[in-house]
There are 2 protein chains.
Amino acid sequence: MENEDNNMNDSNSNYSDNDEESSNNNNEYFESYFDLNVHDVMLKDTTRTLAYRKAIEENVIDFKDKIVMDVGAGTGILSMFAAKCGAAKVYAIEASQMAPFTKSLVKANHLDHIITVVHKRVEDIDESDIPQGKVDVIISEWMGFYLLHESMLESVLDARDRWLKPNGILFPTKGDIKIAPVNLEQLMHERVGHWSDVYGFDFSIFKDMSMHLLQSQPLIEYLKGDTVISEPKDIIEIDFTKVTKEELRDIVVKNIPFSIDDERCTLIHGFAIWFNCYFVGSNSTVRLDTAPGMPYTHWKQTTILLPDVIDVRGAGQIEINIDMKQDEINPRFYELSLSFPDDDDQDENANEDQ
Amino acid sequence: MENEDNNMNDSNSNYSDNDEESSNNNNEYFESYFDLNVHDVMLKDTTRTLAYRKAIEENVIDFKDKIVMDVGAGTGILSMFAAKCGAAKVYAIEASQMAPFTKSLVKANHLDHIITVVHKRVEDIDESDIPQGKVDVIISEWMGFYLLHESMLESVLDARDRWLKPNGILFPTKGDIKIAPVNLEQLMHERVGHWSDVYGFDFSIFKDMSMHLLQSQPLIEYLKGDTVISEPKDIIEIDFTKVTKEELRDIVVKNIPFSIDDERCTLIHGFAIWFNCYFVGSNSTVRLDTAPGMPYTHWKQTTILLPDVIDVRGAGQIEINIDMKQDEINPRFYELSLSFPDDDDQDENANEDQ
């Protein structure tokens, strides 16, 4: 067996935890490196990155000769897409230690006459950073799990209010959060049910423990399309060009109805939540769809598991209430609560993201 | 982007770190749970588990009506295999918080008249635990990465010296550690080379950083069979029935030669290390082989990457020295050093497992 250090080299981000001496020598280096791994994951999410590229390339008219701001630019890939499409000027705003590397990348790609990397939080930018005063376009990849986890959107809204020209373009422009009941028999078998038969022995005593842990947090897993067993419904549609931070503090939707088709629906293990984003350009609208069964993204889907599997055969319709409440102490987190209207006084399930 | 909490629900073991309040309420529960996840990985390693079952089933003669000790029994799966093959008595020694669960599993499988779970470190067992005084067979799954990482073997050797009858059976009985040069072009492209072209842009400045981190620790990766580009050689053969702890403190082998076939060998990125274990029974010998290209095990292979890729075309033969030295402060770790005989005075590469 190898019951510790199992991830000895699986996660580079653990390096600095594991080797203090080396870490002290390389603190800055590995702080940068940690960022790099994150950005590597982002860049390798081709569904995500190519949606941005498509949105920019299909709407060259919105970028050509325009002033662009990229909020949370990271490696600067979106800024480079914009520059290649003829932007007159791109401000790549990046607060992390990635920024000096972003500068080097911009230079290495001979785009430093167009792209200016600003090593600041977007909230701290002033007129000296953006001499033009306002920008024509803001692009940003700020989305978290189920859209709102991480809440980087708030920075984008700040940037929008301070720096975007009236009728300027915001990419992504709008989005919606979807929810649907899911049947997770296969996943449940792999994670829980397999304990029934372990090489011919009965290990069922571990089922409750496995299930308890599985239910203790939202499940971030990529689900196949056929796990969704009723038409997805909107929790909310958000127009990023207009929405306020306050409107996102506590999103409560009651009595979302799902029709039950007895041919398809039998058991419901939980409700999956995901999002779409739309890039509404002058020429075309591009959609980034993170639904189950759509091309994989690192956002996967977020599933709230029910405490008990429910059998909905013959139910005709079921309704749920959902509450997505921003955490007051750590606004980067949301508390997701799901309940059935009949039991309105008590939550059927509540998961706080950690 | 979702640049933190990326593994929000990927690793159950993080739960107790992330949710202090819940952790305090469930400390014991989740301490157990953490173990469960580890054992789940072990049990799902079918190559590993089925090798033990095959070794026991093909050598029923060694187990029938015999007294068996299972050192570090975990869930007790090996003890159950032995019991099913007719062992008169099995002592399942388990020091961790898994032990009470192991007892429940044994009972659930109606094997509690045969298997006695002893919740102790094997070093702390005394005659009151093993009334027979000595056992006919010791089984244990103690192997770590490249066999010796984790060094649980020392506990097995203690058990052997104190509890195994003369000429008793020890499973596994012997093992060897193999080494071979490997070409990792594909892996290097995925981890490092891809920075050359990121959606048409040049991100090469990240190559050195990626490579530095990749080389900073031994690489634990499952390698395909065709990555091995010269006949593997033994670093050491170990007879577990005879070896002493002292003999494993510092394993130094000089001038291990690898012949270079110009048709196959061009570039060497490093040297991969893995092991075989042999279960030598009265009826048959079963081998567990963790070589590149063999069925996947959670041990994968351990590769020491060279600081620079070397081109060995036309070399005819290359030689290396290897030093596997147990860490004095933390004997669970080994320091792996690899050098070329010509540069004997200085290590070409040294990796300390952390």
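Residues numbered from 1 in each chain as written. Chains lettered and ligands numbered in written order. Predicted model: local features only at pLDDT ≥ 70, side-chain atom pairs only at ≥ 80, totals over all residues. Heavy atoms only, no water.

Student: Honestly, the overall build of chain A in this entry has me stumped. Any pointers?
Tutor: When its secondary structure is counted, chain A shows 10 helices and 15 strands. Of all intrachain contacts in chain A linking residues separated by at least 6 positions in sequence, the fraction that spans at least 24 positions is 74%. Accessible surface for chain A amounts to roughly 14,800 Å². Of this, 45% is attributable to carbon and sulfur atoms. (Helix = DSSP H or I, 4+ residues; strand = E, 2+ residues; numbered from the N terminus. Contact = heavy atoms within 4.5 Å. Areas by Shrake-Rupley, 256 points an atom, 1.4 Å probe, with all protein chains shown as cover.)

Student: How should the environment of His194 of chain B be read in this particular structure?
Tutor: With respect to the element layout, His194 of chain B can be found in the loop between helix H9 (185-191) and helix H10 (207-215). Excluding residues that lie within four positions of it along the chain, His194 of chain B makes contacts with Asp40 and Lys44 of chain A together with His189 of chain B. Side-chain polar atoms of His194 of chain B contact the backbone oxygen of Glu190 of chain B, separated by 2.9 Å. (Polar contact = N/O pair within 3.5 Å; in protein donor to acceptor, adjacent residues only side chain to side chain.)

Student: Could you clarify how one ought to interpret the sheet that holds strand S5 (residues 164-171) of chain A in this entry?
Tutor: In a beta sheet, neighbouring strands pair by backbone hydrogen bonds and run either parallel or antiparallel. All names here are of chain A. Sheet architecture is open: five strands sit in the order S3-S2-S1-S4-S5, paired in parallel fashion. Edge strands, defined here as strands with exactly one partner in the open sheet, are strand S3 (115-118) and S5. Adjacent strand axes in the sheet meet at a mean angle of 20°, parallel and antiparallel pairs treated alike. Relative to strand S2 (residues 89-93), strand S1 (residues 67-71) is paired through five bridges, and the arrangement is parallel. Bridge pairing links Val68 to Val90 in S2. Against the sheet, helix H8 (residues 153-163) contacts S1, strand S4 (135-140) and S5, and its axis sits at roughly 150° relative to S5. (Pairing = 2+ DSSP bridges. Axes fitted to C-alpha atoms, helices over the stretch in contact; angles between N-to-C directions.)

Student: What am I meant to see in the environment of Ile56 of chain B here?
Tutor: Residues and elements named next belong to chain B. Relative to the helices and strands, Ile56 is located in helix H4 (residues 46-57). Take Ile56: its relative accessible area is 1%, and that puts it in the buried class. C-alpha of Ile56 to C-alpha of Leu338: the two residues are 282 residues apart in sequence and 37 Å apart in space. Beyond its immediate chain neighbours, meaning those up to four positions away, Ile56 contacts Phe63, Leu78, Phe81, Ala82, Cys85 and Phe171. (Buried < 20%, exposed > 50% of the residue type's maximum accessible area, 1.4 Å probe, protein only.)

Student: Could you clarify how one ought to interpret H4 of chain B in this entry?
Tutor: For an α-helix the count is 3.6 residues per turn, leaving residues at separations of three or four pointing the same way. Residues and elements named next belong to chain B. In this model, H4 (12 residues) spans 16 Å end to end at C-alpha, consistent with the 16 Å of a helix rising 1.5 Å per residue. Looking at H4, one finds that the buried residues are Arg48, Thr49, Ala51, Tyr52, Ala55 and Ile56. All buried residues of H4 lie within an arc of 155° about the axis, which places them on one face of the element. Between the side-chain oxygen at the start of H4 and the backbone nitrogen of Thr47 there is a gap of 3.4 Å, and the oxygen is on Asp45. (Expected span 1.5 Å × (residues − 1). Arc of directions from axis to C-beta.)

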